[in-house]
Amino acid sequence: YKELDQEASKVPPGCEGLVALETFQGARTPVTDPLARGALLGLTLSHTRGHVFRALMEAVCLGTRACVEGLDKAGHGCDEIIIAGGTTRSKLWLQMHADVTGKPVVVCENPDA
């Protein structure tokens, strides 16, 4: 993933018009739709795999923001986002989560948890 991270870091936010919907396994919080399907929109021959990877990363970050906003609306706001799993191996993805949500990101003591 380091190679893909490097390629994605060279792509500007918004991926030059490439947008991903990260609902490849249906939608989750705050909108539940098990029939929702993912997509790549605006894909052209000028987009690289760095564009595609970054678009997917951005889509996941926007999904995280939707979850945080849903919690806020329900009166369960948070001051930080605690992250575990594969995302913790990507400084780019961690920073994208912080930028998109406006919240500091904290990596778990056991990042593989």
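Up top is the structure these notes are about.
Here the residue index of a chain counts from 1 through its sequence in written order. Owing to the predicted nature of the model, reporting of local features is limited to residues with pLDDT of at least 70; listing and counting of side-chain atom pairs is limited to 80 or more, with chain, interface and lining totals taken over all residues. The side-chain quantities take in all heavy atoms of the structure and omit both hydrogens and water.

Please provide a residue-by-residue account of the packing of helix α1 (residues 2–9) against helix α2 (residues 49–73), values included.
Contact geometry of α1 with α2 gives a least axis separation of 8 Å together with a crossing angle of 90°. Between α1 and α2, the crossing angle belongs to the class labelled roughly perpendicular. Judged by residue contacts, E3, L4, D5, E7, A8 and S9 of α1 engage R49, G50, F53, R54 and M57 from α2. Just so you know the grouping, Ala, Val, Leu, Ile, Met, Phe, Trp, Tyr, Cys and Pro go in nonpolar, Asp, Glu, Lys and Arg go in charged, and all remaining residues, Gly too, go in polar. The residue inventory of the contact of α1 with α2, partitioned by class, reads four nonpolar, two polar and five charged. Structural elements are reduced to axes, namely lines fitted to C-alpha atoms, with helices fitted over the stretch in contact, and the angle between N-to-C directions of any two is expressed from 0 to 180 degrees. Only runs of H or I of at least four residues qualify as helices and only runs of E of at least two qualify as strands under DSSP, and these elements are numbered from the N terminus. Any angle that is under 35 degrees is reported as roughly parallel, and any over 145 degrees as roughly antiparallel; angles of 65 to 115 degrees are reported as roughly perpendicular and all others as oblique. The contact rule is simple, with two residues in contact once any of their heavy atoms fall within 4.5 Å.

Describe the pattern of salt bridges, with residues and values.
Here a salt bridge means any side-chain nitrogen of Lys or Arg lying within 4 Å of a carboxyl oxygen belonging to Asp or Glu. Per the stated rule, a full pass over the model turns up six salt bridges. For E7, the salt bridge goes to R49, with nearest N and O atoms at 2.9 Å. Here R49 lies in helix α2 and E7 lies in helix α1, a separation of 42 residues in the sequence. Exposure classes here rest on a 1.4 Å probe applied to the protein chains alone. A residue is buried below 20% of its type maximum, exposed above 50%, and partly exposed in between. Since its relative accessible area comes to 23%, E7 is described here as partly exposed. Under the relative-accessibility criterion, R49 is labelled partly exposed at 47%. Two residues, R54 and E58, come together in a salt bridge whose shortest N-O distance is 3.0 Å. Here E58 and R54 lie together in helix α2, a separation of four residues that amounts to about one turn. Of the two residues examined, R54 and E58, each falls in the buried class. Here the salt bridges do not stand alone but share partners, grouping E3, E7 and R49 into one network.

Summarise the packing of aromatic side chains; cite the residues concerned and give the values.
For Phe, Tyr and Trp, rings pair up if their centres lie within 6.5 Å, where Trp contributes its six-membered ring, and each pair is then called stacked (planes under 30 degrees apart), edge-to-face (over 60) or tilted (otherwise). In total, this model carries one aromatic pair according to the counting rule given. With centroids separated by 6.4 Å and ring planes inclined at 25°, the aromatic side chains of Y1 and F53 adopt a geometry described as stacked. Taken as a pair, Y1 in the segment before α1 and F53 in helix α2 lie far apart in primary sequence, 52 residues in all. Overall, the relative accessible area of 16% leaves F53 in the buried class.

Quick rundown of helix α3 (residues 91–101)? Include the residues and the values.
The set of residues buried in α3 consists of L92, W93, L94, M96, H97, A98 and T101. G102 sits one or two residues past α3 and shows a positive phi near 75°.

I'd like a rundown of unusual backbone geometry, residues and numbers included.
A cis amide bond, omega 5°, links T29 with the succeeding residue P30. The topology assignment puts P30 in the loop between β1 (19–21) and β2 (39–41). Positioned with a positive phi, E16 is a non-glycine residue whose angle comes to about 50°. With respect to the secondary-structure elements, E16 resides in the loop between α1 and β1. Among the residues examined, E16 registers a relative accessible area of 54% and is labelled exposed.

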